[in-house]
Amino acid sequence: MRIVLTVNGAVREVDVAPVARLLDVIRETLGLTGTKEGCGEGECGACTVLLDGTPVNSCLVAAAQCAGRSVVTVEGLGSAERLSALQEELVSHGGAQCGICTPGVLVSAAALLSRGGVPTDAEVREALAGNICRCTGYQKIVDGVRAAAVRNAAAARGAS
Amino acid sequence: MLPSFSYARPRTLKDALTRLSASGAHPHAGGTDLLGCLRDGVFDAREVVSLSDLAELRGIARTKDGGLRIGALATLAELARHPDVVSRYPVLAQGAAAAASPQLRNQGTVGGNVCQRPRCWYFRGDFLCARKGGELCYAENGENEYHAIFGGSGCHIVHPSDTAPALVALGATAVVASAKGSRRVPMEKLFVLPAVDIHHETVLAPGELVTEILVPPPPPGARSLYRKVRSRAAWDFALAGVAAVVSVADGKVTNARLVLSGVAPVPWRVPGAERALAGKPLDAASAAVAARAAVEGAAPLAGNGYKVDLVRGVVEEALTVLATPATPA
Ligand SMILES: Cc1cc2nc3c(=O)[nH]c(=O)nc-3n(C[C@H](O)[C@H](O)[C@H](O)COP(=O)(O)OP(=O)(O)OC[C@H]3O[C@@H](n4cnc5c(N)ncnc54)[C@H](O)[C@@H]3O)c2cc1C
Ligand code: SF4
Ligand code: FES
Ligand code: FES
């Protein structure tokens, strides 16, 4: 079946099999390989994308259910040439090591930061509870996310 | 990719119910459980019927009688943060918030949460066990540390839902529809023990859909909460938990409903513990007596005796927290 959806701001029309997962469409049909498949069972969060602005596990979302909806993948958060504050801070705080969890962490954290303000450590950990990282022990990720929130808040003050 | 099936996205409830009346048709709400089951071959589907275009299945709103109507497609995240749920039915908001991970709560619905299939690893794996139509329960003499200590017979699953115990404790009712009409099923009667039907977790007939859940107004003086013990700090299913709704008037318990999660094939009410509280002040002493009563009749398997202590501890802790006046009603 053909569905029309918005991916990273661009309207895309794709042919999807009834059996395709959103993850398959993102990686295979659209070639956006930033989103990773870890467990394929909803357990690790490596496949996290924003669906209508909220983080979901794309390995457990049927592509057929995404007609008319808006998807943002890690590629939609910033590019290699122009990293977002969140991406920069995660890297500079050592919050990305092997990198498998990183795209999902960035997407979940971006949803948290879009609410504005500077979240507490506990709020960051809660927002990232569905993103498993085997390398960093999480504190470096939390520090990076909070540093990005501080920068965003300063930028928002500067702009207003 | 998933095994093959056809996919329908009906526009009306009537059309959806007609499609669901065909054999091998399965409703698709959030899909967080369904997609895993199909992928792992737990069961097959001929047709998957998406509920996502059925606006009448959405929403959370107060009813005329002061209760709550929860559409089956309300997500766990919506339930966890809805102001009316948070303030008037804390047990339900906390149950929804305790389920799964943020991503899964954004996608998973309350209808899917109460109708999800069990997590027994034999059931999810390549074992044709009794629940799947085979002869044997592999857990009975196998790896059973996450299995039931109550209500098992021939099958020892635990019901995986964190919202169902809260809904049972609140005396909620499910509205169930099929192509033939609709009926109301009290949440307490929705779930079925293996001794009655070893192949299903609910009394829903093929083709029946939960369309909404009705929660009565909270009883006067009611305090409630949900407590869950899991083996990791982040997301995980309950090892044991309790949904508690306790009404207090003039310093005495007038009504108590205690429903355990993670320890039985259905949300497990403990009437002995409820009786132990009736007419008593809600305090540390009555909490301890009720907690002991809550584990009466437990029949642990070789690997899950620890759950008896967990239940005792979680019930005592929940009641002690409810006993402190600072607890929001
Ligand atoms: C990694 C992981 C961790 C999890 N942890 C928890 C946890 O800690 N606590 C917890 O409670 N749950 C947990 N879950 C389960 C998850 O919360 C539920 O799967 C979710 O609420 C199901 O909702 P859904 O809309 O995605 O259901 P779906 O997957 O769409 O449906 C689930 C089942 O119910 C049927 N169904 C759906 N809607 C209806 C309806 N309205 N009427 C009749 N049948 C229906 C479907 O056909 C399917 O068989 C976890 C799941 C995963 C993958
Ligand atoms: S506990 Fe139930 S689901 Fe698990 S192996 Fe035994 S019969 Fe199967
Ligand atoms: S790949 Fe989707 S949660 Fe692990
Ligand atoms: S950086 Fe390796 S899993 Fe997180």
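By convention here, each chain's residues receive numbers from 1 onward along its written sequence. Lettering of chains starts at A and numbering of ligands starts at 1, both following the order in which they are written. Local features in this predicted model are restricted to residues of pLDDT 70 or higher, and side-chain atom pairs are both shown and tallied only at a pLDDT of 80 or more, whereas totals for entire chains, interfaces and linings draw on every residue.

Asker: Go over the sheet that holds strand β1 (residues 2-7) of chain A, please, and point to the residues and values.
Answerer: Residue and element names in this part refer to chain A. Pairing between two strands requires that DSSP report at least two bridges joining them. Helix and strand definitions follow DSSP, with helices as H or I runs of at least four residues and strands as E runs of at least two, each counted in order from the N terminus. Taken in spatial order, the 5 strands line up as β2-β1-β5-β3-β4 in an open sheet, and their pairing is mixed. A single partner strand is all that each edge strand has here, and the edge strands are β2 (10-15) and β4 (54-57). Between one strand axis and the next, the sheet turns by 40° as a mean value, whatever way the strands run. Of the pairings in the sheet, the one linking strand β3 (residues 48-51) to β4 comprises 4 bridges and is antiparallel in character. Residue pairing for β4: L51 is matched across the bridge by T54. Two residues qualify as being in contact provided that their C-beta atoms, derived from the backbone, are within 7 Å of each other. Lines are fitted to the C-alpha atoms to define the axes, a helix being fitted only along its stretch in contact, and any angle between axes, read from their N-to-C directions, falls within 0 to 180 degrees. Helix α3 (residues 102-113) rests against β3 and β4 of the sheet, and its axis sits at about 35° to β3.

Asker: Run through the pairing of strand β8 (residues 209-215) of chain B, naming residues and quoting values.
Answerer: Remark: a regular strand shows side chains that alternate across the two faces of the sheet. Residue and element names in this part refer to chain B. Comment: burial labels come from other C-beta atoms within 10 Å of the residue's own C-beta, placed from the backbone, where a count of 20 or more is buried, 12 or fewer is exposed, and between is partly exposed. Among the 7 residues that make up β8, 6 are buried, leaving the element largely enclosed by the rest of the structure. As judged from the 4 bridges shared by strand β5 (residues 68-71) and β8, these two strands associate in the antiparallel manner. Its bridge partner lying in β8, I70 is registered against I213. Both strand β6 (residues 173-178) and β8 contribute to a ladder of 5 bridges, which runs antiparallel. Looking at the pairing, A174 lines up with I213 of β8.

Asker: Account for the domain arrangement of chain A, with residues named and values stated.
Answerer: Residue and element names in this part refer to chain A. For each domain, the first and last residues come from an automatic or database assignment. In terms of domains, chain A is made up of domain 1 (2-77) and domain 2 (85-159). In this assembly, 15 residues from domain 1 lie in contact with 13 residues from domain 2. For the side of domain 1 that touches domain 2, the secondary structure elements donating two or more residues are β3 and β4. Among the elements that take part in the side of domain 1 that touches domain 2, β3 stands out by supplying 3 residues, more than any other.

Asker: Can you lay out the sheet that holds β6(B) for me, pointing to particular residues and giving the numbers?
Answerer: All names here are of chain B. With respect to topology, 5 strands assemble into an open sheet ordered β4-β5-β8-β6-β7, the strand pairing being antiparallel. Each edge of the open sheet is held by one strand with a lone partner, namely β4 (60-62) and β7 (181-186). Recorded for the sheet is a direction-independent mean angle of 20° between the axes of neighbouring strands. Strand direction decides the pairing type here: β4 and β5, joined by 3 bridges, are antiparallel. Within β5, the position partnered with R62 by the bridge is L68.

Asker: Could you give an account of the environment of B:E56, with specific residues and numbers?
Answerer: All names here are of chain B. Looking at where E56 falls in the secondary structure, it is placed in the loop between β3 (47-50) and β4. E56 gets classed as exposed once you count the C-beta atoms within 10 Å, which come to 12. Measuring from C-alpha to C-alpha, the distance between E56 and D250 comes to 42 Å, with 194 residues separating the pair along the chain.

Asker: Kindly report on the interface of chain A and chain B, identifying the contributing residues and their values.
Answerer: Counting residues at the interface gives 22 residues for chain A and 23 residues for chain B. All residues other than Ala, Val, Leu, Ile, Met, Phe, Trp, Tyr, Cys, Pro, Asp, Glu, Lys and Arg, Gly among them, are scored as polar; the first ten of these are nonpolar and the last four charged. Looking at the side of chain A that touches chain B residue by residue, the classes come out as 11 nonpolar, 8 polar and 3 charged.

Asker: Give me the lowdown on the site of ligand 1, citing residues and values where you can.
Answerer: Using a C-beta atom placed from the backbone for every residue, we mark a residue as near a molecule or strand if that atom lies within 6 Å of it. Surrounding ligand 1, one finds 34 residues, the nearest of these being A:G42, B:G30, B:G108, B:G111 and B:G112. Broken down by secondary-structure element, the contributors of at least two residues to the shell around ligand 1 are β2 (25-28), α2 (34-39), α6 (102-107), α7 (110-115) and β8 of chain B. Residues of the shell around ligand 1, tallied by class, amount to 15 nonpolar, 15 polar and 4 charged.

Asker: Outline the pairing of β2(B), listing residues and values.
Answerer: Residues and elements named next belong to chain B. Both β2 and β3 contribute to a ladder of 4 bridges, which runs parallel. Paired with P27 across the strands is V49, a residue of β3. Clockwise travel from the first strand over the helix to the second, with the strands pointing away from the viewer, marks a crossover as right-handed. Chirality of the crossover, the property in question, places the unit of β2, α2 and β3 among those that are right-handed.

Asker: Tell me about helix α1 (residues 13-20) of chain B, and please be specific about residues and values.
Answerer: All names here are of chain B. Inspection of α1 places A16, L17 and L20 among the buried residues, and these make up the whole buried set. The arc enclosing the buried residues of α1, seen along the axis, measures out at 95°, which places them on a common side. Looking at the packing, one finds that the buried side of α1 touches β2, β3, β6 and β8. This arc is taken over the directions from the axis of the helix to the C-beta atoms.

Asker: Give a detailed account of the site of ligand 2, specifying residues and quantitative values.
Answerer: Residues in close proximity to ligand 2 total 14 residues, the closest being B:C120, B:F123, B:C129, B:C137 and B:C155. When its residues are assigned to classes, the shell around ligand 2 shows 11 nonpolar, 2 polar and 1 charged.

Asker: Provide a residue-level description of the packing of helix α2 (residues 85-92) of chain A against helix α5 (residues 139-159) of chain A, including the pertinent values.
Answerer: Residue and element names in this part refer to chain A. Put simply, α2 and α5 touch, their axes get as near as 8 Å, and they point 140° apart. Between α2 and α5, the angle is such that the two are oblique. Relative to α5, α2 is oriented so that their crossing is right-handed. Here A85, L86, E89 and L90 of α2 lie close against α5, whose contacting residues are I141, G144, V145, A147, A148, R151 and N152. Considering only residue class, the contact of α2 with α5 consists of 7 nonpolar, 2 polar and 2 charged. Each angle receives one of four descriptions, namely roughly parallel if under 35 degrees, roughly antiparallel if over 145, roughly perpendicular if within 65 to 115, and oblique otherwise. Crossings are assigned a handedness: left-handed for a near helix turned anticlockwise from the far helix by less than a right angle, right-handed for a clockwise turn.

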